[in-house]
Amino acid sequence: MSLAVVILMALLGAASVAAVIGTVILMIRDGRGEIPVEPSDESWTAGNLPSRPYAAIRLKRIAGA
């Protein structure tokens, strides 16, 4: 193999190792993916996405009517 290919492979290997280490560090700092539950008191929407399941919203409207 030529020297340029060896250098390129070494750089790609080092970048891969750095990415894996960085990912592990960020996962540990983030609490290993555990997201705290923050209940919202009022319903909200983000575009077409409601804060609660559509079925729960429909049931509330039917029960309230």
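Residues numbered from 1 in each chain as written. Predicted model: local features only at pLDDT ≥ 70, side-chain atom pairs only at ≥ 80, totals over all residues. Heavy atoms only, no water.

Asks: Report on the overall build of the protein chain, specifying residues and quantitative values.
Replies: Scanning the protein chain from N- to C-terminus turns up two helices and two strands. Each helix and strand of the protein chain, placed in order from N terminus to C terminus, yields the pattern α-β-β-α. Counting every position in the protein chain, which comprises 65 residues, the buried fraction comes to 3%. Looking at the protein chain as shown, the accessible area adds up to about 6100 Å², and 68% of this sits on carbon and sulfur atoms. (Helix = DSSP H or I, 4+ residues; strand = E, 2+ residues; numbered from the N terminus. Buried < 20%, exposed > 50% of the residue type's maximum accessible area, 1.4 Å probe, protein only. Areas by Shrake-Rupley, 256 points an atom, 1.4 Å probe, with all protein chains shown as cover.)

Asks: Account for a nonpolar patch on the surface, with residues named and values stated.
Replies: A cluster of nonpolar side chains, namely Met1, Leu3, Val5, Val6, Ile7, Met9 and Leu11, defines an oily patch on the protein surface of about 750 Å² accessible area. You can see Ile7 is positioned in helix H1 (residues 3–29). (Patch = residues over 30% accessible without salt bridge, like charges linked within 9 Å, V, L, I, M, F, W, Y side chains within 5 Å. Salt bridge = Lys/Arg side-chain N within 4 Å of Asp/Glu carboxyl O.)

Asks: So what's going on with the confidence of the model for the protein chain? Residues and values would help.
Replies: Across the protein chain, pLDDT averages 78, with 55% of residues at or above 70. The lowest-confidence element of the protein chain is helix H2 (residues 54–64), averaging 63 in pLDDT; the highest-confidence one is H1, averaging 93. (pLDDT = per-residue confidence, 0-100.)

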